[in-house]
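# Summary of structural features
These are the residues of each chain, in order.
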Amino acid sequence: MDLTNKIAIVTGSGQGIGRETALVLARHGADVVVADLDIEAAENVVKEIEKLGRKAIACKVNVGNKNDVNRMVNTAIETFGDLDILVNNAGITRDAMMHKMTEEQFDQVIQVHMKGTFLCMQEAALHMRKQGKGKIVNISSISGKVGNMGQVNYAGAKAGIIAMTKVAARESARYQVNVNAIQPGFIDSDMTRAMPEDIRQARIKDIPLQRPGKPEDIANAVVFLCSDYSNYITGTTIEVAGGRSM
Ligand code: NAP
């Protein structure tokens, strides 16, 4: 799956699944805008990509802010001359049972996941439409399919991302821009390491393939959806969950 000289933006790529996705895209030949709230983390990932012999630039961005998103897309075009790939990966959790969830916890999660995905797709698609090519991959979650307890904000946003993926895919198809989503299951990252140990163990027990996913498992699916091997796939969702909640 050759992505040589493709230009990619990966949001939330300072750590976790996003970082691994940026590195795996680079290993397949892409140059990457490493976009994250945490600029130091992003700069470290840039150094790792450069060691692989590819180009990269760090960009401090809050995906829920339109000006930041506009600057992020311009950074890709001004630095590398194009934009072929957008991976909407940035994410947060603010878990609480519904009767205890604050309005702020609800709004924060919607802002990053739903508004962030909308703003990034909107801005990137404007450019991709003009070029008549592009691949957008949105990172949803199995929580958006099954509705994990304590995640009315997150599961709602992640289900919304699936619907937004389909709308964007329909609207972008005539311009040869593919828009797809991935629903990760339980992946070993800071996000899941922050869970109470009993809940972590219960989730892992529920996985038919009998192990948590690795960030690389998600990154490999992203690469497929960004490659020519998926040119006839749009508006769909791939579950990368070890068989959990099939
Ligand atoms: P993570 O380790 O917490 O990494 C998330 C990254 O996103 C962090 O670098 C974070 O920066 C950044 N970020 C947060 N808010 C942002 C914003 N407003 N603008 C730009 N960047 C922002 O999480 P992860 O586990 O790798 O998850 C990555 C994605 O996969 C998320 O969308 C998550 O919902 C999804 N997912 C994860 C799992 C899992 O099991 N881990 C399962 C299903 C779906 P800071 O560190 O500075 O906040």
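Notes on the structure follow. Fair warning: this is a prediction, and the values are worked out from it, not measured in the lab.

Time to look at the environment of Gly134. Examined against the element boundaries, Gly134 turns out to sit in strand β5 (residues 134-139). Between the alpha carbons of Gly134 and Val177 there is a distance of 4.5 Å; along the sequence they are 43 residues apart. Setting aside anything within four residues of it in sequence, one finds Gly134 in contact with Asp84, Met128, Gln176, Val177 and Asn178.

Each pair of packed helices can be described by the angle between their axes along with the distance between the axes. For the pair helix α4 (residues 103-131) and helix α6 (residues 152-172), the least separation of the axes is 9 Å and the interaxial angle reads 15 degrees. In this view, α4 runs roughly parallel relative to α6, as classed from their interaxial angle. Where α4 crosses over α6, the handedness of that crossing is right-handed. Of α6, the residues touching α4 (which contributes Gln105, Phe106, Val109, Ile110, His113, Met114, Thr117, Phe118, Met121 and Arg129) are Val152, Asn153, Tyr154, Gly156, Ala157, Lys158, Gly160, Ile161, Met164, Ala168 and Glu171.

Two numbers describe how helix α1 (residues 16-27) lies on helix α9 (residues 215-226): the axes approach to 8 Å, and their chain directions differ by 50 degrees. The angle between α1 and α9 falls in the class oblique. Where α1 crosses over α9, the two elements pack in a sense that is right-handed. Residues Gly16, Ile17, Glu20, Thr21, Val24 and Leu25 of α1 lie in contact with α9, whose contacting residues are Pro215, Glu216, Ile218, Ala219, Asn220, Val222, Val223 and Cys226.

Another aspect to go through is α1. One turn of an α-helix holds 3.6 residues; hence residues three or four places apart share an orientation. Its twelve residues place the ends of α1 17 Å apart at the C-alpha level, agreeing with the 16 Å of an ideal helix rising 1.5 Å per residue. Summarising burial for α1: nine of the twelve residues are buried, a large majority. For α1, the complete set of buried residues consists of Ile17, Gly18, Glu20, Thr21, Ala22, Leu23, Val24, Leu25 and Ala26. Looking at the buried side of α1, the elements it contacts are β1 (7-11), β2 (31-36), α2 (39-51), β4 (85-88) and α9. Note on α1: the residue one or two positions beyond its end, Gly29, has a positive phi of about 110 degrees.

Moving on to the site of the ligand. As a matter of local geometry, the ligand sits amid 29 residues, with Asp36, Asn89, Tyr154, Ile187 and Ser189 nearest to it. Contact between the ligand and Val61: a nitrogen atom at 3.3 Å from a main-chain N or O atom of the residue. Taking Lys158, its side chain carries an N or O atom lying 3.0 Å from an oxygen atom of the ligand. Contributions of two or more residues to the shell around the ligand are made by α1, α4, α6 and α7 (190-193). Counting residues per element, the shell around the ligand draws most heavily on α7, at three residues. Per-class residue counts for the shell around the ligand are 13 nonpolar, twelve polar and four charged.

Bringing the sheet that holds strand β3 (residues 56-60) into the picture now. Hydrogen bonding along the main chain pairs the strands of a sheet, whether they run parallel or antiparallel. Taken together, the seven strands give an open sheet; going across it, the order is β3-β2-β1-β4-β5-β6-β7, and neighbouring strands pair in parallel fashion. Edge strands, defined here as strands with exactly one partner in the open sheet, are β3 and β7 (237-240). Each neighbouring strand pair of the sheet contributes to a mean axis angle of 20 degrees, computed without reference to strand direction. In terms of strand pairing, β1 meets β4 through three bridges, oriented parallel.

Thresholds, definitions, all that
- Residues numbered from 1 in each chain as written.
- Predicted model: local features only at pLDDT ≥ 70, side-chain atom pairs only at ≥ 80, totals over all residues.
- Heavy atoms only, no water.
- Helix = DSSP H or I, 4+ residues; strand = E, 2+ residues; numbered from the N terminus.
- Contact = heavy atoms within 4.5 Å.
- Axes fitted to C-alpha atoms, helices over the stretch in contact; angles between N-to-C directions.
- Parallel < 35°, antiparallel > 145°, perpendicular 65-115°, else oblique.
- Left-handed = near helix turned anticlockwise from the far one by under 90°.
- Expected span 1.5 Å × (residues − 1).
- Buried < 20%, exposed > 50% of the residue type's maximum accessible area, 1.4 Å probe, protein only.
- Near = heavy atom within 4 Å.
- Polar contact = N/O pair within 3.5 Å; in protein donor to acceptor, adjacent residues only side chain to side chain.
- Nonpolar A, V, L, I, M, F, W, Y, C, P; charged D, E, K, R; others polar.
- Pairing = 2+ DSSP bridges.

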